[in-house]
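A look at the structure
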Amino acid sequence: MRIFQPLFAFSFCLFVSIQLQAQSDYFQQKVNYNIEVSLDDEKHLLSGKETIVYTNYAPNALDTIYFHLWGNAYKNKETAFAKQQIVNRSTRFYFADAKDLGGYQSIDFLSNGEKLSWGYDSKHIDIAWIVLPKPLENNQSIEFEIPFSLKIPASFSRLGHVGTSYQMTQWYPKPAVYDKNGWHAMPYLDQGEFYSEFGNFDVTISLPKNYVVAASGTLQTAEEQAFLIEKNNATKNLVEAGFDSDLSFPESSSETKTIRYTAENVHDFAWFADKRFHVLKEQVRLNTGKWVDTWAFFTNQEADLWSKGAFYVGRAVEFYSEHVGEYPWPQATAVQSALSAGAGMEYPMITVIGKSGSASSLDRVITHEVGHNWFYGILASNERIHPWQDEGLNSYYENRYMEEFYPGTSELDIPKFLEKTSPMGIVDLAHLMQERTHSDQAPETHSAELKNINYGLDVYMKTAKAMKVLEKYLGTEQFDNLMNYYYENWKFKHPQPEDFEAVIKQADKPTDWFFNDLIYSNKTTNYVLEEMEKIDGGYLLEIENRGETQIPFSISGVKDGKAVYTEWHNGFDDEKDIPFKVGEVDLIAIDYDFTGFDVNYKNNQLKTSGALPAFEPIDAQFGLGLENPRVSRFNWLPALGWNNYDKFMLGLAFYSSPVPSHAFEYNLVPMFGFGSKEFVGIGNLKYQKYFRTGFFERIAVDLDFRRFSFDYREAYDANDYYAKVAPKITFNFRKSSPNSFISQNVSFRSVNIFMDNVRGIDAEQGIFERENTNYAVQELSYKLRNENIISPFLLKTNFQFGEDFTKIFIDWEQSFRFNAKGKKFTYRVFAGWMNENISGFDGPFIPFQLNGITSGTFQRDYMFDEVMLGRSETDGFLSHQIFEQDAGLKTTAVLPSSREWMVGIGLRSGIPNPLPIDPYIDFGIIPQQNFMGETEVKLYYSGGLALTVIPNVIEVYFPILESDNITGSATYIDRPGFSKVSFKFNLKGMNPSNVADSVIPN
């Protein structure tokens, strides 16, 4: 451990006494394992026996011990793991074949040869309870004998196999942790890791002789040691000669071998077996003179990258040993193998890594996972409940490693065409997106309660950034001293958040903000540089805190775009004047390098000269540009479009940066129609506000507007035009929990249509006039959505009213997915009622329609919501475009409508084949008058095959089965087959900032 700086000595001595008192109630159980197993790689079966010696150091006696049987997580589709997969929108396990599932086929618990009373937890089949023959008193031990056989599942998470490559993790029965907070019996989860007791392992594995095995612990079998050295020598030759690309599995040897490993003072044991592994071995010498063996096991996949795998392992061991504390074990290993739970996964002395893509990415992942030997392997916090204490602290050191060995690289790769558009990293931008929408969560959140995106952004990355702020604020030397002490005092123990907090609070500066504002909350930070005044030797800065945190912040003087002087200040409430002594600079900025968490960097800087010190230079960014707080940016693109009346359209699209979210956003696309010789286009202005608490998550006010031609009158060589102005307000209700599938919103909009039509007087002479027709439709709508990936549904209810008409309808659509490739069965039910006074309504023809085809005489899309290429066509290809409306029949026939009510039912089912073709059938029921003037209820139906070109955007419909009242209609009976084919071209639901929505208007 390093020598503490003098100013730190007194607080350190005081801290030792505090820690002794804090640990007075601390205790820790011990579990020693002796495991003997054999692998049957034809049946993917692991069989054997486990002997456990469990020692109770708790102050109280135990009459029951809980065990984790995490192999049972893969036994059925009702486990906590299976349910979490659905929450995280993965269906691979849900639709897995029974042969690919796994779990304990047999297991029992004995002590002294006598069977014990035991059973499964009532909710979780991967948790068991064992009743002891008699209470286990303090400082007493009990020995368990556990015979078991485990069916190894396919690779769905961590434990599994791909062919005859085996990833043996969480594979043996193990006692849950019992600490001062009680039992921590937890089901296996993909998102949410582990908490286990320390002990010693003695593990013997029997398997076919040509397998190469990598494991936790130290290999004790001499023959296997020699085998690995031979593999190492052969691999070194391949590094020079080159690896091939063969990934096929060799046949398993008919001979078997038995190999033995031991590990001391660890809380987990993992092993990996593959007949294709190459092996590389190196050694590193730590500062104390200790030597550590470093290994890399890998296949031909990315073998060239892995030729430096053992070196990366060694460099990570050296780095963490220097900055945190010395590595305690004799070896460290990285394995390239199958992994379905992230880029890498750690176990004591060994880590498994998936596909990386580049040398720096491989180095980053290996370093992160090797680093978990410290933050998980040695400092064994409860990752399930306090994931930041493991993942976040380790990610800080991973970032520090990358800064040292890959200076100037970003935290994550940004696409090349975007990396120069913003000085902010992709992680900074992602944080801003979550923070501005109040979608972020405190790092101190239970793993199972975190949204999948927040598990990465808040647990890993926010904590790592918070640690960086702490380092900058305290100074690297004091920060490292604190972390060294944390390691030395808590290694091979179970530190809780309060234990880490007690260490950090011994700094010579206040650190409550680190925990209260960053780790234990998702409060917003927003410091504002309001004004500055030139004073002798620098500037007097007026800074206001408009946020909720009081975290420390940096102030920098910037010259020629570079920070030339930076100092850190304590956080505060309200306003404060701060003298800033600096020489000649161009700009003064708060958090200029984005180390902190400010939610609005636009108000963080002022120029030292000029008339408008707060105004950033204007920047016109071609294409997609990310947020750049140092400029006043708008994005632009050429805009192209076409419809049958304006013809080719050319213009420009101007839009705000879509990432991250802003309170005010805009999308403006003015264009010129070369056919109509008119200016046309679309636009959207939006102001939105997000709320962390309360009834609503978000309230948004939109203004949509557009102008296009919608018909061409050949007799007068003139077009009809429409303009639309539609203000809208939307209220998004708060979800019951961040991971809830259910979302709801209610909205009101006023759709105002202004039509400029040609009205003829004498068609032959071309004498005509133009006439304006205006109308408005008010719409109140409610949407209830369930985004469960297996059986999602959407309920839409609409109430529309205008001059002399009222219209109410309900639309329900639900899907049932039946395979992992996305094939599903969908049904839709529509029901509507209306009251219309035709003589009193000077607007469009608005009754319920059986089908949403382009209709010519009748304007079915009366609110101009749809993207129509030929809005008024009555024949030809463009007249076959349909949109989902009312009953939703996909036929091109001209069908009756209803001014009273309508019911529609639609069915569609994917079929289990690789072709994007689905059968469908739609039914419509309406009241209809016969020639006698009597009202009859009529049934219409149309079915066929749907060809999906782009899901939910472009589809083509081929009718096969249609009702007689469709096929027998006068306008349909003699049509050739092609003229009965319809298509959908749907762009209205796409993000208005997307290029497609900007350049292909209707």
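Here's what I pulled together on the structure shown here. Note that the coordinates shown come from a computational prediction; the quantities given were computed from them, not determined experimentally.

**Things to note about the sheet that holds strand β20 (residues 278-285)**
Here we have 5 strands laid out as an open sheet, ordered β20-β21-β22-β24-β23, and mixed in their pairing. Of all strands in the sheet, those bounded by a partner on one side alone are β20 and β23 (344-347). Neighbour to neighbour, the strand axes of the sheet diverge by 15 degrees on average, direction disregarded. Where strand β22 (residues 331-336) and strand β24 (residues 350-353) come together, 4 bridges link them in parallel fashion. Residue pairing for β24: Val335 is matched across the bridge by Val352. Helix α6 (residues 359-371) contacts β22, β23 and β24 of the sheet and is inclined by roughly 145 degrees relative to β24.

**Describing helix α8 (residues 391-405)**
The end-to-end C-alpha separation of α8 is 21 Å, in line with the 21 Å expected for 15 residues at 1.5 Å each. Taking burial as the measure, the 15 residues of α8 include 12 buried ones, the bulk of the element. Taken as a whole, α8 has its buried residues at Glu391, Gly392, Leu393, Asn394, Ser395, Tyr396, Tyr397, Glu398, Asn399, Arg400, Tyr401 and Met402.

**Regarding the pairing of strand β43 (residues 824-836)**
Sheet analysis places strand β42 (residues 805-817) next to β43, joined by 13 bridges and oriented antiparallel. Looking at the pairing, Trp812 lines up with Val829 of β43. Remark: 6 residues form the turn of the hairpin made by β42 and β43, two consecutive strands paired antiparallel; Gly822 in that turn has positive phi of roughly 100 degrees. Alignment of β43 against strand β47 (residues 901-909), held across 9 bridges, turns out to be antiparallel. What sits directly across from Arg828, in β47, is Gly906.

**Let's talk about the packing of α8 against helix α10 (residues 452-474)**
Between α8 and α10, the least distance of the axes is 7 Å, while the angle of their chain directions is 65 degrees. As judged from the angle between their axes, α8 and α10 are roughly perpendicular. Here the hand of the crossing between α8 and α10 comes out right-handed. For the pair formed by α8 and α10, the contact residues are Glu391, Gly392, Leu393, Ser395, Tyr396, Asn399 and Glu403 on the first element and Val459, Tyr460, Thr463, Ala464, Met467, Lys468 and Glu471 on the second. Partitioning the contact of α8 with α10 into residue classes produces 6 nonpolar, 4 polar and 4 charged.

**Side note on a negative patch on the surface**
A cluster of acidic side chains, namely Glu533, Asp573, Asp574, Glu575 and Asp577, defines a negative patch on the protein surface. Following the sequence through the fold, Asp577 ends up in strand β29 (residues 575-581). Judged by relative accessible area, Asp577 falls into the partly exposed class, the value being 48%.

**Things to note about the packing of aromatic side chains**
Evaluated as defined, the whole model comprises 79 aromatic pairs. Considering the side-chain rings of Tyr166 and Tyr211, the 6.2 Å spacing of their centres and the 55 degrees angle between planes classify their relative orientation as tilted. Remark: Tyr211 occurs in the loop between β15 (199-208) and β16 (212-215) and Tyr166 occurs in strand β11 (residues 165-168); sequence separation between them is 45 residues. Here Tyr166 matches Tyr211 in class, with each residue buried. Ring centres of Phe375 and Tyr397 lie 5.6 Å apart, and the angle between their planes is 15 degrees; this geometry places the pair in the stacked category. Here Tyr397 lies in helix α8 and Phe375 lies in helix α7 (residues 373-378), a separation of 22 residues in the sequence. For Tyr397, a relative accessible area of 0% corresponds to the buried category.

**Re the pattern of salt bridges**
Counted under the stated rule, the structure contains 45 salt bridges. Where Lys491 meets Glu488, a salt bridge forms, and the shortest distance between an N and an O atom there is 3.1 Å. Within this structure, Lys724, Arg749, Glu779 and Asp865 form a network of salt bridges that share partners.

Conventions used here
Residues numbered from 1 in each chain as written. Predicted model: local features only at pLDDT ≥ 70, side-chain atom pairs only at ≥ 80, totals over all residues. Heavy atoms only, no water. Pairing = 2+ DSSP bridges. Helix = DSSP H or I, 4+ residues; strand = E, 2+ residues; numbered from the N terminus. Axes fitted to C-alpha atoms, helices over the stretch in contact; angles between N-to-C directions. Contact = heavy atoms within 4.5 Å. Expected span 1.5 Å × (residues − 1). Buried < 20%, exposed > 50% of the residue type's maximum accessible area, 1.4 Å probe, protein only. Parallel < 35°, antiparallel > 145°, perpendicular 65-115°, else oblique. Left-handed = near helix turned anticlockwise from the far one by under 90°. Nonpolar A, V, L, I, M, F, W, Y, C, P; charged D, E, K, R; others polar. Patch = residues over 30% accessible without salt bridge, like charges linked within 9 Å, V, L, I, M, F, W, Y side chains within 5 Å. Areas by Shrake-Rupley, 256 points an atom, 1.4 Å probe, with all protein chains shown as cover. Salt bridge = Lys/Arg side-chain N within 4 Å of Asp/Glu carboxyl O. Lys, Arg positive; Asp, Glu negative; His and termini not counted. Charge placed at Lys NZ, Arg CZ, Asp CG, Glu CD. Phe/Tyr/Trp six-rings, centres within 6.5 Å; stacked < 30°, edge-to-face > 60°.

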